[in-house]
Amino acid sequence: MNPSLIFASALTINLLAAFAVVRYLSGPLRNQLRELCGTTERAEFWTVFSNVAVILTPAIFTMLVEPATGPGLPPLLAVASQLKWGLIGLAGSVLMLGWILSRFIPRTGAEGPSGQNTVGAI
């Protein structure tokens, strides 16, 4: 199979996976960022910024790896080799986004909205 076709196939599959993850996370991410940022405009910027990062990272990881080609190597294994690196990039970008957001989410513990401790309250 043509190495260019293998490369394009792996890149397409990784981009589709990244778009699926962005679509899945976009609503909850937007809500969380609206709460953290305070305004809809700020939250929208950081949502879009995060979406771009989650899409570009696996694309970059996929493009860094040349498709493994050779006589007798099934094309599916060549595509899978590139997919592996794209999915590593996707997982890494989502984990990094989660870690960064977790640093800004206030820890409330067992306190209620008024600040009173609700543990053991009836």
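Scroll up a little and you will see the structure.
The structure presented is a predicted model; accordingly, all values stated were derived computationally and were not measured.

A. Looking closely at the nonpolar core. Within the largest apolar cluster, 11 residues are counted, these being Ala 18, Val 22, Leu 29, Leu 33, Cys 37, Ala 43, Val 54, Ile 55, Leu 90, Leu 97 and Leu 101. Looking at this core, the element that brings in the most residues is helix H1 (residues 3–37), giving five residues. Beyond its immediate sequence surroundings of up to four residues, Leu 97 is in contact with Leu 29, Ser 50 and Val 54. Judged by nonpolar contacts, the second largest core, of five residues, contains Ile 6, Ala 10, Ala 78 and Val 79.

B. Representation of the packing of aromatic side chains within the structure. If you walk through the whole model with that rule in mind, you get three aromatic pairs. Their ring planes at 75° and their centres at 4.8 Å tell us that Phe 45 and Trp 46 sit as a pair that is edge-to-face. We classify Trp 46 as partly exposed; its relative accessible area is 40%. Seen from their ring centres, Trp 46 and Phe 49 are 5.2 Å apart, and the 75° between their planes marks the pair as edge-to-face. Pair noted here: Trp 46 and Phe 49 are both in helix H2 (residues 40–64), with a separation of three residues, about one helical turn. Ring pairing ties together the aromatic residues Phe 45, Trp 46 and Phe 49, which thus form one cluster.

C. Examining the packing of H2 against helix H3 (residues 75–104) more closely. The N-to-C vectors of H2 and H3 enclose an angle of 150°; their axes lie 7 Å apart at closest approach. Taken together, H2 and H3 sit at an angle that is classed as roughly antiparallel. Crossing geometry of H2 relative to H3 is assigned as right-handed. When H2 is examined against H3, the residues Ser 50, Ala 53, Val 54, Thr 57, Pro 58, Phe 61 and Thr 62 are found in contact with a partner set consisting of Gln 82, Trp 85, Gly 86, Ile 88, Gly 89, Leu 90, Ser 93, Val 94 and Leu 97. The class makeup of the residues in the contact of H2 with H3 is nine nonpolar, seven polar and no charged.

D. Spotlight on H1. The axis of H1 is deflected most strongly, by about 45°, at Ser 26, and proline Pro 28 appears within four residues downstream. Looking only at H1, the buried set comprises Ile 6, Ala 10, Leu 11, Asn 14, Ala 18, Val 22, Ser 26, Leu 29, Leu 33 and Cys 37. Summarising the contacts, the buried residues of H1 are in contact with H2 and H3. Directly after H1, the chain includes Gly 38, whose backbone phi takes a positive value near 90°.

E. Here's a closer look at the pattern of salt bridges. Applying the stated criterion across every chain yields a total of one salt bridge. As a salt-bridge pair, Glu 44 and Arg 30 come within 2.9 Å of each other at their nearest N and O atoms. You can see Glu 44 sitting in helix H2 and its partner Arg 30 sitting in helix H1, a full 14 residues away along the chain.

Thresholds, definitions, all that
- For every chain, the first residue of the written sequence is number 1, and numbering continues from 1 along that sequence.
- Local features in this predicted model are restricted to residues whose pLDDT is 70 or higher, and side-chain atom pairs enter the listing and the counts only when it is 80 or higher, whereas totals over whole chains, interfaces and linings include all residues.
- As a convention, hydrogens and water are excluded, and side-chain values are obtained from all of the structure's heavy atoms.
- Nonpolar cores are built from buried Ala, Val, Leu, Ile, Met, Phe, Trp, Tyr and Cys residues. Side-chain atoms within 4.5 Å join them into one set.
- The buried label goes to any residue with under 20% of its type's maximum accessible area, the exposed label to any with over 50%, and the partly exposed label to all in between, with areas taken from a 1.4 Å probe on protein chains only.
- Secondary structure elements follow DSSP: runs of H or I no shorter than four residues count as helices, runs of E no shorter than two count as strands, and numbering proceeds from the N terminus.
- Throughout, a residue-residue contact means that at least one pair of heavy atoms, one from each residue, lies within 4.5 Å.
- Only the six-membered ring of Trp is used, alongside the rings of Phe and Tyr, when aromatic pairs are assigned; centres must lie within 6.5 Å, and planes under 30 degrees apart are stacked while those over 60 apart are edge-to-face, with the rest tilted.
- What counts as an axis is a line fitted to C-alpha atoms, over the stretch in contact for a helix, and the angles between N-to-C directions run from 0 to 180 degrees.
- Angular relationships are summarised with four words: roughly parallel below 35 degrees, roughly antiparallel beyond 145, roughly perpendicular across 65 to 115, and oblique for the angles in between.
- Crossings are sorted by hand: turned counterclockwise from the far helix by less than a right angle, the near helix makes the crossing left-handed, and turned clockwise it makes it right-handed.
- The nonpolar class holds Ala, Val, Leu, Ile, Met, Phe, Trp, Tyr, Cys and Pro. Asp, Glu, Lys and Arg form the charged class, and all remaining residues, Gly among them, are polar.
- Take the seven residues that end at a residue and the seven that start at it, fit an axis to each, and the angle between those axes is the bend at that residue.
- Here a salt bridge means any side-chain nitrogen of Lys or Arg lying within 4 Å of a carboxyl oxygen belonging to Asp or Glu.

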